[in-house]
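For reference, the chains in residue letters:
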Amino acid sequence: MHVRVYRDGISGVLAVALALGIAELVAGLSGAVAPVIAVGDLLIDHAPGWTTHLVIDILGKKDKPALVLTVTLVTLAAGGAAGILERSRPPAGRTVLALVGIAGAITAAVDTPAASFQGTLLAAAGPLAGVFVGWQALRLLLRAGTPGPATATAEAQPMTRRVPDRRAFLGFAAATAGASAASFAVGRRISGGAVDVEAQRESVALPGTAPTPVPGAIALDGLSPLITPNPDFYRIDTTLITPRVDLKTWRLRVTGMVERPLTITFDELMAMPAREEIITLSCVSNEVGGDLVGNARWLGTSLADLLTQAGVKPGATQIVGRSVDNFTVGFPTEVAFDGRPALVAYGMNGEALPGPHGFPARLVVPGLYGYVSATKWLTEIELTTWEAFDAYWIPRGWSKRAPIKTQSRIDVPREGRTVKPGHVPVAGVAWAGNRSVSAVEVRVRRRDGDADAPWLRARLSDSLSTNAWRQWVVEWDAEPGDYVIEVRATDGRGDVQTGQAQRPDPDGATGWHRVNVRVRA
Ligand SMILES: Nc1nc2c(c(=O)[nH]1)N[C@H]1C(S)=C(S)[C@@H](COP(=O)(O)O)O[C@H]1N2
Ligand SMILES: [Mo]
């Protein structure tokens, strides 16, 4: 009895595994989104805003495989239930399978960027075909797992009687598992290999602008480099599979409230005047002292030039950026024309934009947090009114206006370190959106008191641009004891970074970064 329940459960799991494999294969062939990924996308898009933004940030890149794995396991568990139910309450198992298929079909259809009606149909067809094949497999497996009529009368010699059943079951089970794994692998292979982003990146010949010289860096172990290398640049986005954009078919469209809507190819974009700008990009959910911030040399076309070509109509108060994966941003039109160098960027630190950072093109807007501005895998810039549209994160509870707040971070010494008495360099980085950093001050206090310790002026690295962070360092003559070190920056307007602590939501964290350090001989 127990054995049979297990067998039926396993049969159901295998049947659904086969269904998922087939769905993956069809998705690979048709270019649709596989249902497991689609369900994951749906969960990310419909979770309360603060949860996703925080979860994405806390778990970094690991949360996405974990989410896909969870969705897969839950689906397989539904299969197990279907297998057991199909024997005990016959139509119930089928019904569960059908529901899994329909849910997968709807989600995949909704999540697949709707290029055409056929595309949407194909996306739905994968899960349905998968469940149909899975259902056939389940019938065979259940039949093979059913003791033949002889078994009932053969209690005397159970061994000889059961062996053929068991063999048949194991054979079918292995075949189902094999077919599932094979179709899954082939499907992933096809979908993953469709566009070779690395090869395309290498084929891009960036227009010849002399790279901006980067003078006056402070070199110190543990201090963030002035320019963040691409592999170390933080990454935040809502996609489960990094979009692989094909340069040949990619177009950037400028639409909405413009005199002359534009559609330009990648070559046309690169043929426009290029400029390189050093801009610090920060995520709104960066905690005080956090590392969701980086500074890079961005190469691209001036957003203002592009918009001037299209001719912005009066009354177009919002610029909306849309990506190939339907992510959206929105920011005031005046931001593009107030003199700050907002870019449609295709180069990052002398290379074509890396895939995870938005290949082939993205927006980079000095002074604005990424979620309202920095659209990766950019495909459309729409001019509209401020009231007409709320971008991706706005209904999820994040502020619609989101200038980067002045922040500073202590990189060395790290929190909790013990250092030797004597000269101890205290160093880090400070940024203030597009307002430049004019000063950084550090305060070192004994843990037990010392409330009015003075703020010490830090030495700053050269200013690379008003939009870039600066490194800072203070030489501390450390005596034995326990200390709290704090830092605060002043922006180019003379406004001192507030010490008032505020959470990242809804419009960026504030407060001073502090580290605890022990000095011991
Ligand atoms: N297409 C797309 N672009 C996006 C996002 C996204 O989820 N999808 N996330 C934004 C957010 S919240 C930030 S902070 C920046 C991060 O850019 P990076 O990953 O290159 O550091 O990209 C922005 N652009
Ligand atoms: Mo972000």
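Quick caveat, the model's predicted, so the values are computed rather than measured.

About the thresholds
- Along each chain, residues carry numbers from 1 onward, in the same order as the chain's sequence is written.
- Key to labels: chains lettered from A, ligands numbered from 1, both in the order written.
- Per-residue local features of the predicted model are confined to residues with pLDDT of at least 70, and side-chain atom pairs are confined, for both listing and counting, to 80 or more; whole-chain, interface and lining totals are unaffected and use all residues.
- Where side-chain values are given, they derive from all heavy atoms of the structure, hydrogens and water being excluded.
- Detection works on a 1 Å grid of protein atoms alone, calling trapped sets that fit a 1.4 Å probe cavities and calling open sets with protein on both sides within 12 Å along at least five of seven lines pockets, with lining residues defined by an atom within 4 Å of a point.
- Grid points are joined across faces, edges and corners, and a volume is the space filled by probe spheres set on the points.
- In this classification, the charged set is Asp, Glu, Lys and Arg, the nonpolar set is Ala, Val, Leu, Ile, Met, Phe, Trp, Tyr, Cys and Pro, and all remaining amino acids, among them Gly, are polar.
- These domain limits were set by an automatic method or by a database of domain assignments.
- For salt bridges, the criterion is a side-chain nitrogen of Lys or Arg within 4 Å of an Asp or Glu carboxyl oxygen.
- Helix and strand assignments follow DSSP, with helices taken as H or I runs no shorter than four residues and strands as E runs no shorter than two, numbered in order from the N terminus.
- Each residue's exposure class comes from its accessible area (1.4 Å probe, protein chains only) as a fraction of the maximum for that residue type: buried when under 20%, exposed when over 50%, partly exposed otherwise.
- By this definition, two strands are paired if DSSP reports at least two bridges between them.
- Each polar contact in these results corresponds to two N or O atoms within 3.5 Å; when the atoms are within protein, one needs to be able to donate a hydrogen and the other to accept it, and residues that are neighboring in sequence are counted only if both atoms are side-chain atoms.
- Every residue pair with non-hydrogen atoms within 4.5 Å of one another is taken to be in contact.
- Whether a residue is near a molecule or strand depends on its heavy atoms: it is near if one of them lies within 4 Å of it.
- Here the Shrake-Rupley method, with its probe set to 1.4 Å, supplies the accessible areas, and only the displayed protein chains count as covering residues.
- Should more than half of a molecule's atoms lie within 2 Å of a pocket's or cavity's grid points, that molecule is taken to sit in it.
- Residues enter a nonpolar core if they are buried and are Ala, Val, Leu, Ile, Met, Phe, Trp, Tyr or Cys, with the set joined through side-chain atoms within 4.5 Å.
- Two rings from Phe, Tyr or Trp (for Trp, the six-membered ring) form a pair when their centres are within 6.5 Å of each other. A pair whose planes differ by under 30 degrees is stacked, one over 60 is edge-to-face, and the rest are tilted.
- Only lysine NZ and arginine CZ atoms are considered, and such an atom sits over a ring when it is within 6 Å of the ring centre and within 35 degrees of the ring normal.

**Q** Go over empty space enclosed by the protein with me, naming the residues and quoting the values.
**A** Taken as a whole, this structure holds three cavities of 30 Å³ or more when the rule is applied. Approximately 290 Å³ is the volume found for the largest cavity. Lining the largest cavity are 22 residues, and of these Ile236, Asp237, Phe327, Gly370 and Lys376 lie nearest its centre. Partitioned by chemical class, the residues of the lining of the largest cavity number 11 nonpolar, six polar and five charged. The calculated volume of the second largest cavity comes to roughly 80 Å³. In terms of lining residues, the second largest cavity is bounded by 14 residues, among which Ser282, Asn286, Tyr369, Gln407 and Trp431 are the most central. In terms of residue class, the lining of the second largest cavity is built from seven nonpolar, five polar and two charged. Counting contributing residues, the lining of the second largest cavity receives three or more from each of domain 2 (230-396) and domain 3 (407-519).

**Q** Break down the pattern of salt bridges for me, citing the residues and quoting the values.
**A** Using the criterion set out here, one finds 24 salt bridges in the structure. Put simply, Asp237 and Arg235 hold a salt bridge, and the shortest N to O gap is 2.7 Å. Note that Arg253 is salt-bridged to Glu380, the shortest N-O span being 3.3 Å. Here Glu380 lies in strand E10 (residues 378-384) and Arg253 lies in strand E1 (residues 252-256), a separation of 127 residues in the sequence. With relative accessibility at 38%, the residue Arg253 sits in the partly exposed group.

**Q** Give a detailed account of the pairing of strand E4 (residues 293-302), specifying residues and quantitative values.
**A** In terms of burial, E4 is largely enclosed, as 10 of its 10 residues are buried. Note that E4 and strand E7 (residues 343-348) share five bridges and pair antiparallel. From the neighbouring strand, Gly300 faces E7, where its bridge partner is Ala345.

**Q** I'd like to hear about the side chain of Gln407, residue by residue, with values.
**A** Turning to its location among the elements, Gln407 is positioned in strand E11 (residues 407-412). Engagement of the side chain of Gln407 in a polar contact is seen with the side chain of Gln497, the distance being 3.5 Å. Those residues in contact with Gln407, other than ones at most four positions away along the chain, are Val288, Ala430, Trp431, Ala489, Gln497, Ala509, Thr510 and Gly511.

**Q** Can you lay out the environment of Val444 for me, pointing to particular residues and giving the numbers?
**A** Topologically, Val444 is positioned in strand E14 (residues 437-446). What makes Val444 buried here is its relative accessible area of 14%. The spacing of Val444 and Lys64 is 380 residues in sequence and 40 Å in space, taken between C-alpha atoms. Ignoring sequence-local partners within four residues, the contact set of Val444 consists of Asp450, Ala453, Trp476, Tyr483, Val484 and Ile485.

**Q** Mind laying out unusual backbone geometry, listing which residues take part and the relevant values?
**A** The omega torsion across Phe359 and Pro360 is 10°, close enough to zero to call that bond cis. Mapped onto the secondary structure, Pro360 falls in the loop between strand E8 (351-352) and strand E9 (362-364). Positive phi, close to 50°, is recorded for Trp377, a residue that is not glycine. Within the fold, Trp377 resides in the loop between E9 and E10. In this model, Ser436 sits at a positive phi of 65°, which is unusual for a non-glycine residue. Relative accessible area serves as the criterion here: at 16%, Ser436 is assigned to the buried category.

**Q** Requested: an account of the site of ligand 1, with residues and values cited.
**A** Contacts to ligand 1 come from 20 residues, most closely from Tyr234, Thr238, His357, Arg362 and Lys376. Within the backbone of Thr238, one N or O atom sits 2.8 Å away from an oxygen atom of ligand 1. At a separation of 3.0 Å, a nitrogen atom of ligand 1 approaches a polar backbone atom of Ala374. Considering ligand 1 on its own, with 540 Å² of exposed area, one finds that the protein chains cover 100% of that surface. Taking a 2 Å distance to the grid points as the criterion, the majority of the atoms of ligand 1 fall inside the largest cavity. Its residues assigned to classes, the shell around ligand 1 comprises nine nonpolar, six polar and five charged.

**Q** Got a sec to walk through the nonpolar core? Specific residues and values, please.
**A** Leu303, Leu306, Phe331, Val344, Tyr371 and Ile381 are the most contacted members of the largest nonpolar core, which has 85 residues in total. If we skip the residues at most four places from it in the chain, Phe331 touches Leu303, Thr317, Gln318, Ile319, Leu363, Val365, Leu368, Val372, Ser373 and Trp386.

**Q** Can you break down the packing of aromatic side chains residue by residue, with the values?
**A** Evaluated as defined, the whole model comprises 10 aromatic pairs. Judged by centre distance (6.1 Å) and plane angle (75°), the rings of Trp250 and Phe266 are edge-to-face. Within this pair, whereas Trp250 is found in the loop between helix H9 (197-203) and E1, its partner Phe266 is found in helix H10 (residues 266-271), the two being separated by 16 residues in sequence. Take Trp250: its relative accessible area is 2%, and that puts it in the buried class. Judged by relative accessible area, Phe266 falls into the buried class, the value being 4%. Ring geometry for Trp455 against Trp512: centres 5.1 Å apart, planes inclined by 75°, an arrangement best described as edge-to-face. Taken together, the residues Trp455 in strand E15 (residues 455-457) and Trp512 in the loop between strand E18 (481-491) and strand E19 (513-519) connect sequence positions 57 residues apart. Trp512 matches Trp455 in its accessibility class, with the two residues each being buried. Over the aromatic face of Trp386 sits the side chain of Lys400, whose NZ or CZ is 4.7 Å from the ring centroid.

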